[in-house]
Amino acid sequence: PGVVKDGVLDRTALGDLIFSDHAERRRLNRLMQPHIIWGLFKAVGWHFLVGTPLVVMDAPTLFQYGLSAVCALTVVVAAPSDTQRARIQARDGVDRPAADARIASQMPLNAMRRRANLVVENRGSVDDLKAELAARVLPRLQKRVLL
């Protein structure tokens, strides 16, 4: 209720609801999880069938849904909490408590770090991150593709 306006999903209203109400977030996750997993498996399966040498997934809930098992390499891009907060506030136009609620709804960063094969620190600019990815992640991906 209140998240669809004129037949269009109001992403801001949905975000406000699910990040302020744990029960509603769990309800939405229960509804969406099967569709997300099925969509992921269809996409990865298609790429496998056509011989795509490398598939990169941007999947915020990869570990929570147990999907890292289908990945040859998992990379977590990590930023300090103050940087995360500032980026969320700038991206979503929300205040500090709302940004903190979004961060709190995710798997704790330390848990993601422990599960990842590789952690890339994202403390600087976009160009800094691209350079770090090129230096640390790209060689590992290229090695896997060439195997």
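Caption draft 1: Here's a closer look at the overall build of the protein. In terms of helices and strands, the protein carries 6 helices and 4 strands. Along the protein, from the amino end to the carboxyl end, the secondary structure elements read β-β-α-α-β-α-α-α-β-α. A principal-axis box enclosing the C-alpha atoms of the protein has dimensions of 50 × 35 × 30 Å. Summarising the internal contacts of the protein: among those between residues at least 6 apart in sequence, 51% fall at separations of at least 24. Here the protein contributes 21 positive and 14 negative side-chain charges, whose respective centroids are spaced 9 Å apart.

Caption draft 2: Broad picture of the pattern of salt bridges. All chains considered together, the criterion is met by 9 salt bridges. Across the salt bridge formed by Glu-121 and Arg-113, the nearest N and O atoms sit 2.6 Å from each other. Ionic contacts of the salt-bridge type, sharing partners, join the residues Arg-85, Arg-96 and Asp-100 into one network.

Caption draft 3: Looking closely at the packing of helix α3 (residues 81-92) against helix α4 (residues 96-104). In the contact formed by α3 and α4, the axes pass within 9 Å of each other and the chain directions differ by 115°. Regarding the angle of α3 to α4, the classification is roughly perpendicular. Seen along the crossing, α3 lies across α4 with a hand that is right-handed. Residues Ser-81, Gln-84, Arg-85, Ile-88, Gln-89 and Asp-92 of α3 touch α4, and the partners they reach there are Arg-96, Ala-99, Asp-100, Arg-102 and Ile-103. Tallied by class, residues from the contact of α3 with α4 come to 3 nonpolar, 3 polar and 5 charged.

Caption draft 4: Representation of the environment of Thr-61 in the model. Looking at the element boundaries, Thr-61 is found in the loop between α2 (22-50) and β3 (75-78). Separated by 25 residues in sequence, Thr-61 and Ile-36 place their C-alpha atoms 9.8 Å apart.

Caption draft 5: Here's a closer look at the nonpolar core. Core analysis: the biggest nonpolar cluster contains 8 residues, these being Phe-63, Val-76, Ala-78, Met-107, Ala-111, Met-112, Ala-116 and Val-119. Looking at this core, the elements that each hand over two or more residues are β3 and α5 (109-115). In this structure, Leu-73, Leu-118, Val-137 and Leu-141 belong to the second largest nonpolar core, which totals 6 residues.

Caption draft 6: Layout of the confidence of the model for the protein. Chain-level pLDDT for the protein is 90 on average; 98% of the residues reach the 70-or-more range. Between the elements of the protein, mean pLDDT differs from a low of 87, seen in helix α1 (residues 11-18), to a high of 95, seen in α5.

Caption draft 7: Representation of the pairing of β3 in the model. On β3, burial follows the alternation: Val-76 and Ala-78 on one face are buried, whereas Val-75 and Val-77 on the facing-out side are not. When β3 meets strand β4 (residues 118-121), the two strands line up parallel, connected through 4 bridges. In the sheet register, Val-76 faces β4, and the bridge partner there is Val-119.

Caption draft 8: Representation of the side chain of Arg-102. Position of Arg-102 among the secondary structure elements: in helix α4. With a relative accessible area of 8%, Arg-102 lands in the buried category. Setting aside its immediate chain neighbours within four residues, Arg-102 contacts Gly-15, Asp-16, Phe-19, Ile-88, Asp-92 and Val-94.

About the criteria used
Residues numbered from 1 in each chain as written. Predicted model: local features only at pLDDT ≥ 70, side-chain atom pairs only at ≥ 80, totals over all residues. Heavy atoms only, no water. Helix = DSSP H or I, 4+ residues; strand = E, 2+ residues; numbered from the N terminus. Contact = heavy atoms within 4.5 Å. Lys, Arg positive; Asp, Glu negative; His and termini not counted. Charge placed at Lys NZ, Arg CZ, Asp CG, Glu CD. Salt bridge = Lys/Arg side-chain N within 4 Å of Asp/Glu carboxyl O. Axes fitted to C-alpha atoms, helices over the stretch in contact; angles between N-to-C directions. Parallel < 35°, antiparallel > 145°, perpendicular 65-115°, else oblique. Left-handed = near helix turned anticlockwise from the far one by under 90°. Nonpolar A, V, L, I, M, F, W, Y, C, P; charged D, E, K, R; others polar. Core = buried A, V, L, I, M, F, W, Y, C linked by side-chain atoms within 4.5 Å. Buried < 20%, exposed > 50% of the residue type's maximum accessible area, 1.4 Å probe, protein only. pLDDT = per-residue confidence, 0-100. Pairing = 2+ DSSP bridges.

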